[in-house]
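Listed below, chain by chain, are the residues.
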Amino acid sequence: MKQNVSTASGKPPRWGVVATVREPVALIVGFACHHLALGAERVHLFFDVPHDPAAKVAATIPGVTVTLCDADYWREAGFAKPPALQTKRQTVNANRVMAQSDLDWLLHADADELLWLPGPLADELAQVHEGAWLHIPNVERCWKTAPDGEIYGGIFRGPLHDMPGLAERVYGKRAAALSGGMGGYSAGKAMARVGEGFLAIHKVRDAEGAPVRPSVPAPGARILHFDGITPAHWALKNLRYAEQGAAMNQLLNTQRMASIGAILQAPNPERAGARVYEALYRLNEDEAATLREAGALFDYPVDVAGAVARVAPHLSPDFSAEGFDRLHRAELSARAQSIVRQKRQARRNA
């Protein structure tokens, strides 16, 4: 088994991040450079679409390892074809790094997530005893005003599972569409000792399907989840989920699936997606004040553009919301129109 550097030795931990990605180049560049600027020694990016043009750009960033998940890759990994479920592809990729890397610690994250540290990572790992892993809670980006012009803006809310009645008090009827006050997940993410155990999406197990190993909560580190980079992107993301049919049951909570159902049933799914996002992720002054008073609303400033300038000054990604939406506008419109046509055809056949 790989011997890990002890944080007690005084040597800083050597750590990295692994992600399976299928996002525009700006998001991938921002993700990689943010973590490298934070202190990651290596960012492993597995491209779900092997001909993704973002892969060539990412490969120019010092500290990034690019893997194209083509047919040869999956055969080498022991699969005749790519696993249908994205979570399976993610865990396969993450645990190949776990088996091959010489790092001390590895974090599994998605391209719409950024690790935030209040100080050195060694401080977060100091109390993680042998055989345990670091559980990093996640917070979710939301807005007090209309979403601004940058994709990394906003404030962050935490889960309300341990605050009975607060979600209903803050959100009213909208609380039924949220899971513990969150539009996405609230389970946090795992940072694992490399070579020890099986790195799943949100936890570390003894082996795949085996019991979960003991964990230690991070004292200050957080995963900043930008669930829907823009309102339009959130709508598109949910229409993509809808295309997966029954597989959604393994990927999403019941509240999220109900929101997708409401979007699909609306006369104009594209507009409905934007309205649902507004209802779930926009806070008025009173709602924000109540969450802040309860210790569930936070400011975690990040400077992703600054990270790119330091790590990859040869790149100049467009982090504007308008530029990001421009990339998805045609797909969002096409998917929404397809849903409308399918509903019309179903009514004619009824």
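Everything below is about the structure printed above this text.
Residues numbered from 1 in each chain as written. Predicted model: local features only at pLDDT ≥ 70, side-chain atom pairs only at ≥ 80, totals over all residues. Heavy atoms only, no water.

Chemist: Give me the lowdown on the pattern of salt bridges, citing residues and values where you can.
Modeler: The final tally for this structure, using the stated rule, is 19 salt bridges. R89 serves as the salt-bridge partner of D48, at 2.9 Å between the closest nitrogen and oxygen. Remark: R89 occurs in helix α4 (residues 86-100) and D48 occurs in the loop between β2 (42-47) and α2 (54-58); sequence separation between them is 41 residues. With a relative accessible area of 14%, R89 lands in the buried category. (Salt bridge = Lys/Arg side-chain N within 4 Å of Asp/Glu carboxyl O. Helix = DSSP H or I, 4+ residues; strand = E, 2+ residues; numbered from the N terminus. Buried < 20%, exposed > 50% of the residue type's maximum accessible area, 1.4 Å probe, protein only.)

Chemist: Can you break down the packing of aromatic side chains residue by residue, with the values?
Modeler: Here the structure, examined in full by the defined rule, presents twelve aromatic pairs. Aromatic rings pair up to connect W116, Y152, F156, F226, F298, Y300 and F319 into one cluster. For R157, the ring lying beneath its charged end belongs to Y281, and the centroid distance is 5.0 Å. (Phe/Tyr/Trp six-rings, centres within 6.5 Å; stacked < 30°, edge-to-face > 60°. Lys NZ or Arg CZ within 6 Å of the ring centre and 35° of its normal.)

Chemist: For a positive patch on the surface, give the residues involved together with the corresponding values.
Modeler: A surface patch of like charges, here positive, comprises R341, R344, R347 and R348. Tracing the backbone through its elements, the reader meets R341 in helix α13 (residues 321-349). (Patch = residues over 30% accessible without salt bridge, like charges linked within 9 Å, V, L, I, M, F, W, Y side chains within 5 Å. Areas by Shrake-Rupley, 256 points an atom, 1.4 Å probe, with all protein chains shown as cover. Lys, Arg positive; Asp, Glu negative; His and termini not counted. Charge placed at Lys NZ, Arg CZ, Asp CG, Glu CD.)

Chemist: Can you break down the sheet that holds strand β3 (residues 64-68) residue by residue, with the values?
Modeler: Across the sheet, seven strands lie side by side as β3-β2-β1-β4-β9-β6-β12; this open sheet has mixed pairing. Edge positions in the sheet fall to β3 and β12 (215-217), since each has one partner strand and no second. Taken over all neighbouring pairs, the strand axes of this sheet differ in orientation by 25 degrees on average, direction set aside. Judged from the three bridges that link them, strand β6 (residues 133-136) and strand β9 (residues 189-193) form a sheet pairing that is antiparallel. Paired with H135 across the bridge in β9 is A190. Sheet contacts for helix α1 (residues 25-38): β1 (15-21), β2 and β3; angle to β2, the most-contacted strand, approximately 160 degrees. Sheet strands in contact with α4 are β1, β2, β4 (105-108) and β9, and its direction is about 150 degrees off that of β1. (Pairing = 2+ DSSP bridges. Axes fitted to C-alpha atoms, helices over the stretch in contact; angles between N-to-C directions. Contact = heavy atoms within 4.5 Å.)

Chemist: Any chance you could break down the nonpolar core for me, citing the residues and the numbers?
Modeler: Within the largest apolar cluster, 56 residues are counted, with the highest numbers of intra-cluster contacts made by L45, I61, I136 and M191. Take this core: its biggest share by element is eight residues, from α1. (Core = buried A, V, L, I, M, F, W, Y, C linked by side-chain atoms within 4.5 Å.)

Chemist: Residues and numbers for the side chain of E124, please.
Modeler: Following the sequence through the fold, E124 ends up in helix α5 (residues 121-125). We note that E124 is buried and unpaired, the nearest opposite charge coming from R222 at a distance of 5.9 Å. Once residues within four sequence positions are removed from consideration, E124 is found in contact with L117, P118, L134, A218, P219, G220 and A221.

Chemist: Residues and numbers for helix α12 (residues 304-311), please.
Modeler: Count 3.6 residues to each turn of an α-helix, and residues three or four apart come out pointing the same way. Along α12, the residues that are buried comprise V304, G306, A307, V308 and V311. Taken together, the buried residues of α12 touch α1 and β5 (113-116). Two to three positions downstream of the cap, the backbone nitrogen of G306 sits 2.9 Å from a side-chain oxygen, assigning the N-cap of α12 to D303. (Polar contact = N/O pair within 3.5 Å; in protein donor to acceptor, adjacent residues only side chain to side chain.)

Chemist: Got a sec to walk through the sheet that holds strand β7 (residues 138-142)? Specific residues and values, please.
Modeler: A sheet is described by the order of its strands in space; here five strands give the open sequence β5-β13-β7-β8-β14, paired in mixed fashion. At either end of the open sheet lies a strand with only one pairing partner, and these are β5 and β14 (297-298). The pairing of strand β8 (residues 155-157) with β14 spans two bridges and is classified as antiparallel. Among the inter-strand pairings, R157 is bridged to a residue of β14, identified as L297. Packing against the sheet, helix α10 (residues 269-281) makes contact with β7 and β8, and its axis sits at approximately 120 degrees to β7.

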